[in-house]
Amino acid sequence: MKRYQQLLILPAIAFSFMACMQSNKKDQVTVETITTKQQQPTLSLTDTSLKKVVKTDAQWKKVLTDNQYYILRKQGTERPFQNEFNDNHKKGNYFCAACKLPLFSSKTKFNSGTGWPSFYAPINNNRVKEVVDKSLGMVRGEIVCARCDGHIGHLFDDGPNPTGLRYCMNSGAMLFQESK
């Protein structure tokens, strides 16, 4: 009798196990879908509030890629000519990768020959701040996002007209949204 009961119980256990695995797969897909949706940034040219975005180091690490974190929070610099936007000729806008503030337009982008995306002006001067950078044995203007203080790049006075400025930016500090 025990053997007969065991034979009846085994299929029930197997069926329960399979049902549980199917349920876990559905949950996994839902979690993956939610995670993917969370990673898709919402970019808007009307999002111009300059209310400070302040996060802990741990919070920034959770929302930024390793490269974005290195550049934006640790004042890193990516390699010239080996970055996403240096050779981008599409029309659109560039946003801070940390807080999504609209920073630059392709209308002011130019080929500086330096290997980094360069602009002669931001969308609005209040979107970026210049701070003194004394690293690497030189003094230069560091450009940071006005909303989250993320390091975006540096400012030089060898740009084209009409401003004569070159905002030399890191691709990893920005997101691009193509215009339609």
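Residues numbered from 1 in each chain as written. Predicted model: local features only at pLDDT ≥ 70, side-chain atom pairs only at ≥ 80, totals over all residues. Heavy atoms only, no water.

The name given to the protein chain in an unreviewed UniProt entry is peptide-methionine (R)-S-oxide reductase, with Flavobacterium omnivorum as the source organism. In its Sequence similarities (unreviewed entry) section, UniProt records this for the protein chain: "Belongs to the MsrB Met sulfoxide reductase family." (UniProt positions renumbered as here; feature names shortened; annotations may be inferred.)

Novice: Hey, could you run me through the nonpolar core in this one?
Specialist: Burial of nonpolar side chains together is a common tendency in soluble globular proteins. Ranked by internal contacts, the top residues of the largest apolar core, which has 29 residues, are Cys-96, Phe-104, Ile-152, Tyr-167, Met-169 and Met-174. Contributions of two or more residues to this core are made by helix H3 (66-74), strand S1 (92-96), strand S2 (102-105), strand S6 (140-145), strand S7 (151-156), strand S8 (166-169) and strand S9 (174-178). If near-sequence neighbours (up to four positions away) are discounted, Cys-96 is found in contact with Leu-72, Leu-101, Leu-103, Cys-145, Cys-148, Ala-173 and Leu-175. (Core = buried A, V, L, I, M, F, W, Y, C linked by side-chain atoms within 4.5 Å. Buried < 20%, exposed > 50% of the residue type's maximum accessible area, 1.4 Å probe, protein only. Helix = DSSP H or I, 4+ residues; strand = E, 2+ residues; numbered from the N terminus. Contact = heavy atoms within 4.5 Å.)

Novice: What's the story with the pairing of strand S5 (residues 128-133) in this structure? I'm lost.
Specialist: Within a regular strand, the side chains alternate between the two sheet faces. In this structure, S5 lies alongside S6, joined through 6 bridges in antiparallel fashion. Pairing of Val-132 across the sheet is with Gly-141, part of S6. Linking S5 to S6, which pair antiparallel, is a turn of 6 residues; within it Leu-136 sits at a positive phi near 60°. (Pairing = 2+ DSSP bridges.)

Novice: Even after reading the chapter, I still don't get the pairing of S6, so can you show me in this structure?
Specialist: Burial analysis of S6 places 6 of its 6 residues in the buried class, the great majority of the element. Relative to S7, S6 runs antiparallel, the two being bridged by 4 bridges. In the sheet register, Glu-142 faces S7, and the bridge partner there is His-154.

Novice: Which parts of the structure should I look at to understand H3?
Specialist: Given 3.6 residues per helical turn, the α-helix brings residues three or four places apart onto the same face. Within the sequence span of H3, burial applies to Gln-68, Tyr-69, Ile-71, Leu-72 and Arg-73. Next to the buried residues of H3 lie helix H2 (57-63), S1, S7 and S9. Two residues or fewer past H3, Gln-75 is found with a positive phi of approximately 55°.

Novice: Is there a simple way to explain the sheet that holds S1 in this structure?
Specialist: Pairing between the strands of a sheet comes from backbone hydrogen bonds, and it takes one of two forms, parallel or antiparallel. Spatially, the 3 strands line up as an open sheet ordered S2-S1-S9, and their pairing is antiparallel. Across the chains shown, the open sheet's two edge strands, defined by having one partner strand only, are S2 and S9. Ignoring strand direction, the axes of neighbouring strands in this sheet form an average angle of 30°. Relative to S9, S1 runs antiparallel, the two sharing 5 bridges. Looking at the pairing, Phe-95 lines up with Leu-175 of S9. (Axes fitted to C-alpha atoms, helices over the stretch in contact; angles between N-to-C directions.)

Novice: Looking at this model, I keep getting lost on the confidence of the model for the protein chain. Mind explaining?
Specialist: Detailed reading of the predicted coordinates is not advisable wherever pLDDT falls low. Averaged over all residues, the pLDDT of the protein chain equals 84, while 77% of them reach at least 70. Counting interchain partners and residues more than four positions distant, the pLDDT-below-50 stretch residues 1-38 has 0 contacts. (pLDDT = per-residue confidence, 0-100.)

Novice: I would appreciate a short explanation of the environment of Pro-160 in the present structure.
Specialist: With respect to the helices, strands and loops of the structure, Pro-160 is situated in the loop between S7 and S8. For Pro-160 and Phe-119, which are 41 residues apart along the polypeptide, the C-alpha to C-alpha distance reads 9.1 Å. Contacts of Pro-160, omitting those with residues within four sequence positions, involve Phe-110, Tyr-120 and Leu-165.

Novice: For this particular structure, what's the right way to read the packing of aromatic side chains?
Specialist: Each aromatic ring pair is described using two quantities: the centre-to-centre distance and the angle formed by the ring planes. Summed over the entire model, instances satisfying the criterion amount to 6 aromatic pairs. Arranged with centres 5.0 Å apart and planes meeting at 70°, the rings of Tyr-94 and Phe-119 form a pair that is edge-to-face. Of this pair, Tyr-94 sits in strand S1 while Phe-119 sits in strand S4 (residues 118-119), and the two are 25 residues apart along the sequence. Phe-119 shares its class with Tyr-94; the two are buried. Taking the centre distance of 4.4 Å and the plane angle of 20° together, the rings of Phe-104 and Phe-119 count as stacked. Of this pair, Phe-104 sits in strand S2 while Phe-119 sits in strand S4, placing them 15 residues apart in sequence. The burial state of Phe-104 is the same as that of Phe-119; both residues are buried. In textbook terms, an aromatic cluster arises when at least three aromatic residues are bridged by ring pairs, as seen for Phe-85, Tyr-94, Phe-104, Phe-119, Tyr-167 and Phe-176. Over the ring of Trp-60 we find Lys-55; its NZ or CZ atom is 5.0 Å from the centre of that ring. (Phe/Tyr/Trp six-rings, centres within 6.5 Å; stacked < 30°, edge-to-face > 60°. Lys NZ or Arg CZ within 6 Å of the ring centre and 35° of its normal.)

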